Every structure is written in C-alpha cells, then in structure tokens.
Amino acid sequence: MPGKTYDVVIVGSGASGGTLSAHLARQGVDVLLLEGGPKVNTRTDFNTHAMPFQFPNRHIPTMKPGKAGFDSERTRGIGGKSLTWNAVAWRYSARDFKGKTYEGAGEDWPFEYKDIAPYYSTVEKEVGVCGNRDGLEDLPDGEFLPPVPMKCSDEIVKKGATKLGVKVIHVRKATLSRAAFNRPACHFCGNCMAGCDVVAKYNSADVHIVPAQRTGKLEVRHNAIAREVIVNNENKVTGVRYIDRETKAEGEVSARSVVVSCACVQSVALLLMSKSRLYPNGLANSSGHLGKNFIPHFTGGVQCFLGELIGKPVTNDEGFLDHAYVPSFMHNRKRDYARSFGIQFNYQNRRAVGWARDIAGFGPSYKKAVKDRYPAFLTFSPYGEMLPNPKSFIDLDWEKKDAWGLPLARRNVFWGDNDWKIFHDMTDWSRRILEASGAEILAVSDEPRTNHELGGCRMGKDPKTSVLNEWCQSHDVKNLFVVDGSVFPSASEKNPTHTMMALAARTAVYMAEQLKKGAL
Amino acid sequence: MSDRRDTLKIIGAIGTTCAFPFSADELYGQQAPAHDHASETPAQAAAMPAKPVFFTDKEFDTVKALADLIIPPTDTPGAVQAGVPFYIDYVVNSNESWKKLFREGLAWLEEAAGISNGKRFHMLDEETQIGILTPLVKSADRWKTGSKSTPALEVRFMKAFKSMTADGYFTSKAGLVDALGYKGNTVLSEFPTCIHEH
C-alpha cells in the first residue's frame, strides 16, 4: 500500500488503542488504526441472550466463528478485549504507583497519581463509569454515574465483612446505570462477558472508534496482522509490515510514529519479532528489559453457599454480574508481606451450575440438595499484586508458529515468596469473611491462577531498567510508543483497564504536542 | 504445596475474560469439539438425535438407567427426559480416554449386576441398583479432582458419569429452567432490590 504517510499508525483497537486513536483524531492528528481481526457489529454478532441448552456442548460461545479472530490466544476484532470484558473500572491509588517508595517492593511508576488523575476524569466523563464515592485512601473516587444496587447476597456478605471491620462497596464499572452519551442504560441480563449488544457496557469500537471516524482523521484497516515495526538507519520507526488475516498477502503502511497497543503479551511479541541491525534482540530493547517484569494478577477462589439463602425462592439476580467489591484493606494492617489484594465476588452467572458435580450423593435427595443451594451459590475471587521476578517473563517460541507463520508468545510465570504469602492471606480472608456471613464453604482454590496480563515493556525513569519513559515513549526510539497493560511497572491488585485508558488519554496529549512541534 | 512453589509455569494463553478458579466452572462439553456445527449460532441443539453415536444400544440402556438413578424424575423432569444420555454420548464421543473409561466402566457395572447369570443393570430392581451405586458414588464424591491417588476404574467412571449427568441436566432447559427455576436473561428497567427478609 504505497502513498500516504500517516501521522500515527496504531496497532490494536482495544481499550488502549481505541481510546488513543479517538483522542488523537479529535486533536486533528491523522491516524491509521491497524486491527488484526474483522469488523464486529456488536448489536448482532454476539450470542448475548443465549442459554446453554441452545448449544450441543452447552457452552455459550462469546462470538460466532465467522469472527475467527476470537480464539483463546488472541481477541482479534475491532474493539479487542473490550468487547468481552466485565468493565470493572478502578482508579489506581497514590500507593499503587509508588510501591517501591512506600514498601521497597516492586517498582515505582515514573509519575504520581496526581499526574494521571485528570485523565481518569476525562475517561470517566466520556465513557460513563457508575459507582459510589466511598472516600477510600486506596481506591480514589471519580466522576461517577449512580451505582447499581447491591444484590441480596452482596448485602449478606457486607454484613459478615463488617463484623470483621472489612468494607464492602458498590462495584465501579464502565457500564451505564443511566442512559447517557446516546447509549441506553444496562438492562441487567447478566451477559456482559458474552458481549453487550446495546453498548450499555463500554467497548472501544462503538464508544471511541466509530465516533472518531466521523472526524475524517481516523482510518481503520481490518484483518491486518502486524508482523514487524520497521526501523530505519536513523533510529526512527517508519511504519508497520502486516499480513492480511484472510489472504495472507503482505502489506505495509508508513507513518511518522508508531504505537503498539496489542494487549500486553502480543505487544511484547511484536517488538521481539521486530529484529533489525540496530536492534538484534527486539525493537527498542537496548535495556534488555523487553519481555521482562511480567506481572499478571493472580487470583484465588472460594465457592460457597450463603446459609440465609439456602432453600429460598430463586430471584432474577444476574444483574451486570458483580455488583459489589471488597477493596484493598491490608495496607493499614499488620502483615508479613508487601502490597495487597482486593476481592471481586459474585460474578458468576446463574446459567453455570458446574458446582452441582460436587454436591454429595445421588437420587431425589441429591436433586433437592442442588435445588436448595441454587439461589445461595456465591464465588469469591481475590486478586493479588504480583511482584516482578527474573523467572517471570514473556518470550517467543520460534519453533511454534501460528497460522500466519509468526512465532507464538510464551508466558513464563513463577510465583515468588511474597506472591505466595498474599495468596494464602487473601484465601484466608476470603474464607473468614464468608464464614462470618454464614456461608457453607464448598471449595477453596489452593493454587494461584493468572489473569489480567501486565508488564513486559515497563515504563520507568531509568533507560537501563525500563523500556519506555513516562509518556509511553520508547527510551531508544523517540517516535515509537507502547500503550497497554505491558507498560505497567507494578500491577496493583486492581483491574487495570481504566488505568490503560487514562494512560492512552495522557499519551495522546503528549503525542499531539510532539507531532505539532515536529519532534517525532 | 512445596513442589508447586518451585514450579515454573509456561502458559500458552490466559483467558480473555475473568479467570474462574474452579475446574467445575468449565463443563466437560466445552472441551468437546466445540463446533462440529458450521456456526455457533444458537442451534436447535436440544433436538435429540435418534440414536447414540458412541454407545451401543445395550450400553445406552445402562447409561439411561444410571442417569435417571442420579437425577430421577420427581415433580420435575429426570435426566432421561432432559436428554442427558445423549449429552453424555456427545461428550464421551469427543475424547478417546473417555471412550475407554466409559466402555470399561459400563462393562464393570454389568459384571456387578451379574451379567454372567444373564442379568443386566437396567433390568435390576431399583433397590439392587441403588445398592450397587451407593458405595460407588460415595467413593467418587470423596475423590477430589487433582488429588494424587488414582482410584479404581469404577470410581473414576462414576466420578465422570455423575459429573456429566449434573452438567447435562443442569444446563438443559428441563434442569435449569423447570427444575432449578432460573429466572435471569431478561430485560429489566431497574435492578430489583432484595425480596427476602434478613
């Protein structure tokens, strides 16, 4: 594709790439968005209101196979993972950005809470985040739409937690509790993660990208799987090479600057694949830190039945999945580890009854035992902050290639002592809160699981130990940027997407200024 | 736990949505070739096939009897009415190790029923069937997935059979809507506040 040189080409259209592309386009920057997957019509392409018995394997699929980008490895399709996220939207706190300063653990971010706070506001005001202003030190308030009422089961947990001095608050989500921004309010069908078909839940395609295309400054190229960011001999990136997902034809675009926003692991993979004479170990990797410091969240879990609800009538409490949250409460308590955890709970869906396997017995009494417990089932999923360690990193498996001949990314995860201490403590606390709430415990997870990929391309002040500066700009190559979860120097215990979006908004302001000055 | 601590994990893919920590949240059927149908559009999947694909007719008699013993018809439908035997057939047919386990497990059950004397499990009176099943289910319930010991064939078989029966029944319309009383997946203008008295 010869011809046009764009101001910016952004690789990836999820929450980060989508937010960034819209913010740049609005400031008059010429943007091309490269998306590895197809167009998605969120109103018709999801199986939003499906029931398990409509499928032979009883699994409600998240997308149609016509949308082949959506496999387990990658979420390709315009909107990326924002199409199927649960929309939990927290601000990180002052302490989250300064773990090393506060506790000597992990790494500090190269800026402070006050530097990013205005961009959290910007995002909240344009996408809509519902929640309650709780005045908590470790979970800053934002500009919220009204919160959604808690479920009956949440109120029971809240009473139990209160006995232990632990707070339970309304969840905060980028889902509309009231009609706003020409989008309808949530209708509480409980299918958020199968894909919202009315855009009550934020997704980057409908909320950011489509409106930004109307400015005439944003073009989208679908089915373009990036394979290399091109760097010239003057140490500048000049564009991106890609493979057409359907035809496998090679393509190329030229740009004055490049942003990589392919969802953490895939961003790292793209940079590692982009080898050149200047950067034989991957683009912008003079520090050797590209791929290192991989710090996904780890979760535990407790399944239980709330005694008060056993045998009670079944109600329609699917809602928008979880309605309440146990925010981090350990920072002000005595403990033998650094950092903290928070607890998401009640985000199961009443169409999944896998726990029935584990109810003892058979026959009429078994059937009754399941029925009685059905309205009382509840899950706890505590999330802990992982500290970076040398054994946790992302690399490429050159032996294993995907359908487009590109090496597969490999996630190497090792949990250190601090991680295990948090894991055990958050599991103990989960159990204690549930027992104080009168729960009958069914199962307790004894091993961490990963979720929310973060790190691998961290930002920092020191070019020797980080890949990017505080503007998500490569220390090595001035016109190369990375904006997504990979840039996080520390993970916090909080769901990360809101912070990625705020970072994208902040980076957009910087990039637009730099482009105007001709500095890129 | 200590060996787990030292384990370095290499993970191919992290789920694109929230990670649920329990294996039972993932139904057996999800590992079946998810889409031997051309599309994931909601199908008339509930329509029952005329014949099982994997089980022989004789085996299927036993499968039906077992399924209805685990979840019998009461004031709500039982496993057979909910189409559970065909769900089990569908899932087992997708996996070689399950095929082996179910073939051998069903044969074990026929032995226990006294096939050498011409007796078949599904023809036994209910009391005798329950007598065979009770210790088996007890052992299967005690055996937790992930535990180190590998129990006897018939216990492993019963664990899988009960799990698949539960999966198949409680994801069927008869099980989920009629028996459990599922009420969600609707359009509400407001989230309903609690109706219980606390």
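Residues numbered from 1 in each chain as written. Chains lettered and ligands numbered in written order. Predicted model: local features only at pLDDT ≥ 70, side-chain atom pairs only at ≥ 80, totals over all residues. Heavy atoms only, no water.

Student: Quick question: what am I supposed to make of the overall build of chain B here?
Tutor: Counting secondary structure elements, chain B contains seven helices and one strand. Listing every helix and strand of chain B by position from the N terminus yields α-β-α-α-α-α-α-α. Within chain B, the proportion of its 198 residues that are buried is 46%. For chain B, contacts bridging at least 24 residues in sequence account for 67% of all contacts bridging at least 6. Approximately 9900 Å² of chain B is accessible, and the part contributed by carbon and sulfur atoms is 53%. (Helix = DSSP H or I, 4+ residues; strand = E, 2+ residues; numbered from the N terminus. Buried < 20%, exposed > 50% of the residue type's maximum accessible area, 1.4 Å probe, protein only. Contact = heavy atoms within 4.5 Å. Areas by Shrake-Rupley, 256 points an atom, 1.4 Å probe, with all protein chains shown as cover.)

Student: Just checking my understanding: could you explain the domain arrangement of chain A for this structure?
Tutor: Reports often express the size of an interface as the amount of accessible area lost when the parts come together. Residues and elements named next belong to chain A. The domains assigned to chain A are domain 1 (1–49 + 61–90 + 114–130 + 194–292 + 455–488 + 495–520) and domain 2 (135–171 + 297–389 + 413–451). A straight line from the C-alpha centre of domain 1 to that of domain 2 covers 33 Å. Of the roughly 1200 Å² buried where domain 1 meets domain 2, counting both sides, 59% is carbon and sulfur surface. Area buried by domain 1 at its contact with domain 2 is led by Asn86, Trp90 and Cys130, which between them contribute 50% of it. The interface formed by domain 1 and domain 2 holds zero salt bridges in total. The interface formed by domain 1 and domain 2 includes five residue pairs in polar contact (both at pLDDT 80 or more). A per-class count over the side of domain 1 that touches domain 2 returns five nonpolar, four polar and three charged. (Domains from an automatic or database assignment. Buried area = accessible area lost by both parts, 1.4 Å probe. Salt bridge = Lys/Arg side-chain N within 4 Å of Asp/Glu carboxyl O. Polar contact = N/O pair within 3.5 Å; in protein donor to acceptor, adjacent residues only side chain to side chain. Nonpolar A, V, L, I, M, F, W, Y, C, P; charged D, E, K, R; others polar.)

Student: Got a minute to help me understand empty space enclosed by the protein in this structure?
Tutor: Space left empty within the atom packing is revealed by a probe, the size of a water molecule, rolled over the atoms. Residues and elements named next belong to chain A. This structure, assessed with the given rule, holds five cavities of 30 Å³ or more. Estimated volume of the second largest cavity: approximately 110 Å³. Together, 18 residues line the second largest cavity, and Cys186, His187, Cys189, Cys192 and Cys196 are the ones closest to its centre. By residue class, the composition of the lining of the second largest cavity is eight nonpolar, eight polar and two charged. (1 Å grid on protein atoms, 1.4 Å probe; cavity = no way out; pocket = protein on both sides within 12 Å on 5 of 7 lines; lining within 4 Å. Points joined across faces, edges and corners; volume = space filled by probe spheres on them.)

Student: When you look at the environment of A:Ile116 in this model, what are you seeing that I'm missing?
Tutor: Within the element layout of this structure, A:Ile116 appears in helix 3 (residues 113–127). Sequence separation of A:Ile116 and A:Ala502 is 386 residues, and the distance between their C-alpha atoms is 6.9 Å.

Student: Teacher, can you tell me more about helix 5 (residues 204–213) of chain A here?
Tutor: Helical geometry note: an α-helix holds 3.6 residues per turn, so side chains three or four residues apart project in the same direction. Residues and elements named next belong to chain A. Inspection of helix 5 places Ser204, Ala205, Val207, His208, Ile209 and Ala212 among the buried residues, and these make up the whole buried set. Buried residues along helix 5 sit in contact with helix 1 (15–26), strand 2 (31–34), helix 3, strand 4 (218–221) and helix 9 (497–517). Near the N-terminus of helix 5, the side chain that reaches the backbone nitrogen of Ala205, with its oxygen 3.0 Å away, is that of Asn203.

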